[in-house]
Amino acid sequence: MLPVLLISVDNTVLSFALPAIASALGPSASQLLWIVDAYPLTLAGLLVPMGALGDRVGRRRLLLIGATGFALVSAVAAWSTSPAMLVAARALLGVFGATLMPSTLSLLRNVFLDRGQRRLAIAIWSAGFAGGAALGPIVGGVLLTHFWWGSVFLLNVPVLLLLLPLARWLVPESRDPQPGPLDPVSIVLSLATMLPLVHAVIAVGEHGPTPATLAGAGVGLVAGWAFVRRQRRLAVPMLDVGLFRRPTFSGAVAANLLSVLGFSGFLVVMSQFLQLVAGLSPMDAGLVLVPGLAASAAAGLLAVRLVRYVRPATLIGGSFLLAAGGYAVATLVGEVPTAATVAVAFAVLGAGAGLAETLTNDQITTAVPPQKAGAASAISETAYELGTTLGVALLGSVLNAAYRANVVLPAALSPEQRGAAGQTLGGAVEAAGSLGPGTAEALLASARQAFDVGTQHVAAVGAVVAVAAAVVSFVTLRRATAS
């Protein structure tokens, strides 16, 4: 649970430190994007190879190696003296993070052989992600109020130093007894698939489709085709792509991705809304979202009991309909969202995500024999990372497009101010600081109204995605079992 908490905290805490990092290190706009993106890029690219490596060298051993590296590189990130140094540290954190995530889930698959116990363990594991996401804004707010920006990285170190002796004492080692050789070509093809595709998703969300981005996506697709072709020909593949022929397995992976997509995208959009429109501090905005994250954890634990009486397909499909109800609350209740309606909407959405996450991960890990748990866990984690990236890119693009289409810029703005204020609400807030009172008030009123329209468009798109995901779940998981 300790590495799960840290990885999920890292996913949310950095965004609160970016203004201080920008002030201290003076990165360019491109460098600032790479400070954010270097971690998820390397993490997503290495999850499948690291999952397969854990099956071969031992999942606990890989967990301990990853924890040691993560602690050391966190200290380097905290005391970075240049943007390039921080980007490199973030990329290395992604490398070691990729050893932690598949190891935790695959260890659960091998420690808890009883299906009921394993489902409860996975529910608690999923709750760790929700708990970490809840702690990120709160812990980040406290640290940045009292310490410098590097403190958000140093919070990893004491937790990981606690993990090292406890894992050696409490966690049994497990590995594939007949793993076969590790194939370097498969590792290269996996990286060549994931890195361009994830980068393309991030780039499209930030800048829209460009020829370079589309070319990169094409490279990723070709590499993915070559990876699948090679896995089918190898006697002992790094990843058994035949698993995806099983409707239950492929349906559970798709449901897992779609669940995280809606949850993470809505979290990012509403975090901005609460701070930039509702005027809350980062810590207060985090507190508004805590009930939703608590509902996610509670629903995951409740799923362990409900699945005894209700078929998994019904529960997972129903979880997406519940999520659609959360989006409807954000769209339809009141003329303008408030902190209260956001809290209610996110709680309903979180409950749906918690049900889906627990049950889909249970179906994914149970579909494979224990010795192949690392590879299956890596697929689950890759779906999680892709869902997070796609959620931010897709829903963020909807938000930005609606904002640009609806904001009205006063004539008094300079070309530079018009460029910044016309793109984002944050740019409008910054531009307003150098304007006269009347012009500033008119700009902020228009920008906040445009952002509000964008949040409602995001909720509408999220509801459509959730309903579509419910249909996919009902169809593909109809043969899923609870025993």
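Preceding this paragraph is the structure being described.
Here the residue numbering is sequential within each chain, running from 1 through the sequence in written order. A pLDDT threshold of at least 70 governs which residues receive local features in this predicted model, and a stricter bar of 80 or more applies before side-chain atom pairs are shown or counted, although totals over entire chains, interfaces and linings include all residues. The basis for the side-chain values is all heavy atoms of the structure; hydrogens and waters are excluded.

## Quick notes on the overall build of the protein
Under the convention used in this document: To qualify as a helix, a DSSP run of H or I must reach at least 4 residues; to qualify as a strand, a run of E must reach at least 2; elements of each kind are numbered from the N terminus. Note on contacts: a residue pair is in contact if any heavy atoms of the two residues lie within 4.5 Å. To be clear on the numbers: accessible area is Shrake-Rupley with a 1.4 Å probe, and residue cover counts the displayed protein chains and nothing else.
What the protein contains, in helices and strands, is 17 helices and zero strands. Here the analysis covers contacts within the protein between residues at least 6 apart in sequence; of these, 82% occur between residues at least 24 apart. Here the protein displays about 19300 Å² of accessible surface, and carbon together with sulfur accounts for 70% of that area.

## Thoughts on the nonpolar core
This is how it is decided: The nonpolar core is taken to be a set of buried Ala, Val, Leu, Ile, Met, Phe, Trp, Tyr and Cys residues, with the residues joined through side-chain atoms within 4.5 Å. Remark: exposure states derive from per-residue accessible area (1.4 Å probe, protein chains only) relative to the maximum for the residue type, with buried under 20%, exposed over 50%, and partly exposed in between.
Counting 50 residues, the largest nonpolar core has Ile21, Leu86, Leu93, Met101, Phe153 and Leu160 as the members making the most contacts within it. Of all the secondary structure elements, the ones that give two or more residues to this core are α1 (2-25), α2 (29-57), α3 (59-78), α4 (83-111), α5 (115-146), α6 (151-154) and α7 (156-170). Contacts of leucine 86, omitting those with residues within four sequence positions, involve Ile21, Leu25, Ile35, Ala77, Ser80, Trp149 and Phe153. Ala323, Ala330, Ala432 and Val458 belong to the second-largest nonpolar core, a separate cluster that totals 44 residues.

## Thoughts on the packing of aromatic side chains
Here the distance between the centres and the angle between the planes together describe a pair of aromatic rings. Short version of the rule: Whether two aromatic rings pair depends on their centres lying within 6.5 Å, for rings of Phe, Tyr and Trp, where Trp uses its six-membered ring; planes under 30 degrees apart make the pair stacked, over 60 edge-to-face, and the rest tilted.
Summed over the entire model, instances satisfying the criterion amount to two aromatic pairs. Judged by centre distance (6.4 Å) and plane angle (90°), the ring pair of tryptophan 149 and phenylalanine 153 falls under edge-to-face.

## Some thoughts on the side chain of serine 446
Assignment of secondary structure puts serine 446 in helix α17 (residues 437-476). Relative accessible area serves as the criterion here: at 11%, serine 446 is assigned to the buried category. Excluding residues that lie within four positions of it along the chain, serine 446 makes contacts with Asn406, Val407 and Val408.

## Topic: the packing of helix α12 (residues 312-332) against α17
Let me state the cut-off plainly: A fitted line through C-alpha atoms represents every axis, and for helices the fit uses only the stretch in contact; the resulting angles, taken between N-to-C directions, go from 0 to 180 degrees. Each angle gets one of four labels, with under 35 degrees taken as roughly parallel, over 145 as roughly antiparallel, 65 to 115 as roughly perpendicular, and the rest as oblique. In this scheme the crossing of two helices becomes right-handed for a clockwise turn of the near helix relative to the far one and left-handed for an anticlockwise turn of less than a right angle.
Running from N to C, α12 and α17 point in directions that differ by 170°, and their axes come no closer than 8 Å. Between α12 and α17, the angle is such that the two are roughly antiparallel. Judged by the twist between their axes, the crossing of α12 over α17 is left-handed. For the pair α12 and α17, the contacting residues are Ala313, Thr314, Ile316, Gly317, Gly318, Phe320, Leu321, Ala323, Ala324, Tyr327, Ala330 and Thr331 in the first and Gln456, Ala459, Ala460, Gly462, Ala463, Ala466, Val467, Ala469, Ala470, Ser473 and Phe474 in the second.

## Some details on α3
Rules: The span one expects for a helix is its residue count, reduced by one, times 1.5 Å.
Here α3 spans 28 Å end to end across 20 residues, near enough to the 28 Å set by a 1.5 Å rise per residue. Buried residues dominate α3, accounting for 14 of its 20 residues.

## A short note on the environment of tryptophan 125
Relative to the helices and strands, tryptophan 125 resides in helix α5. Residues tryptophan 125 and threonine 104 lie 21 residues apart in sequence; the distance between their C-alpha atoms is 8.5 Å.

## Re the side chain of threonine 455
Where we set the bar: Pairs of N or O atoms are called polar contacts if they sit within 3.5 Å, as long as, within protein, a hydrogen donor faces a hydrogen acceptor (for residues adjacent in sequence, only side-chain-to-side-chain pairs).
Inspection of the secondary structure assignment puts threonine 455 in helix α17. Under the relative-accessibility criterion, threonine 455 is labelled buried at 1%. At 2.6 Å, the side chain of threonine 455 and the backbone oxygen of aspartate 452 are in polar contact.

## Observations concerning the environment of isoleucine 35
With respect to the element layout, isoleucine 35 can be found in helix α2. Note on isoleucine 35: relative accessible area 0%, which makes it buried. The spacing of isoleucine 35 and methionine 85 is 50 residues in sequence and 9.6 Å in space, taken between C-alpha atoms. The contacts of isoleucine 35, once residues within four sequence positions are left out, are Leu14, Ile21, Pro27, Leu86, Val87 and Arg90.

## Concerning a nonpolar patch on the surface
Our working definition: Without a salt bridge and with relative accessible area above 30%, a residue can belong to a patch; like charges are then joined within 9 Å and nonpolar side chains (Val, Leu, Ile, Met, Phe, Trp, Tyr) within 5 Å. We define a salt bridge as a side-chain nitrogen of Lys or Arg found within 4 Å of a carboxyl oxygen belonging to Asp or Glu.
A cluster of nonpolar side chains, namely Leu321, Val467, Val471, Phe474 and Val475, defines an oily patch on the protein surface of about 410 Å² accessible area. It is α17 that provides the largest number of residues to the nonpolar patch, a total of four residues. By the secondary structure assignment, valine 475 is in helix α17.

## A closer look at the packing of α3 against α4
Packing of α3 against α4 leaves a shortest axis separation of 8 Å and a crossing angle of 155°. It follows from the interaxial angle that α3 and α4 lie roughly antiparallel. Pair α3 / α4 crosses with left-handed handedness.

## Focus on helix α9 (residues 211-233)
Between its first and last C-alpha, α9 extends 33 Å over 23 residues, near the 33 Å set by a 1.5 Å rise per residue. Residues of α9 that are buried: Thr213, Ala217, Gly220, Ala223, Gly224, Phe227 and Gln231.

## Describing the environment of arginine 448
Tracing the backbone shows arginine 448 in helix α17. Along the sequence, arginine 448 and valine 407 sit 41 residues apart, while their C-alpha atoms lie 8.3 Å from each other. Those residues in contact with arginine 448, other than ones at most four positions away along the chain, are Leu276, Val277 and Leu425.

So far we have only geometry, and geometry alone does not tell us how the molecule works.
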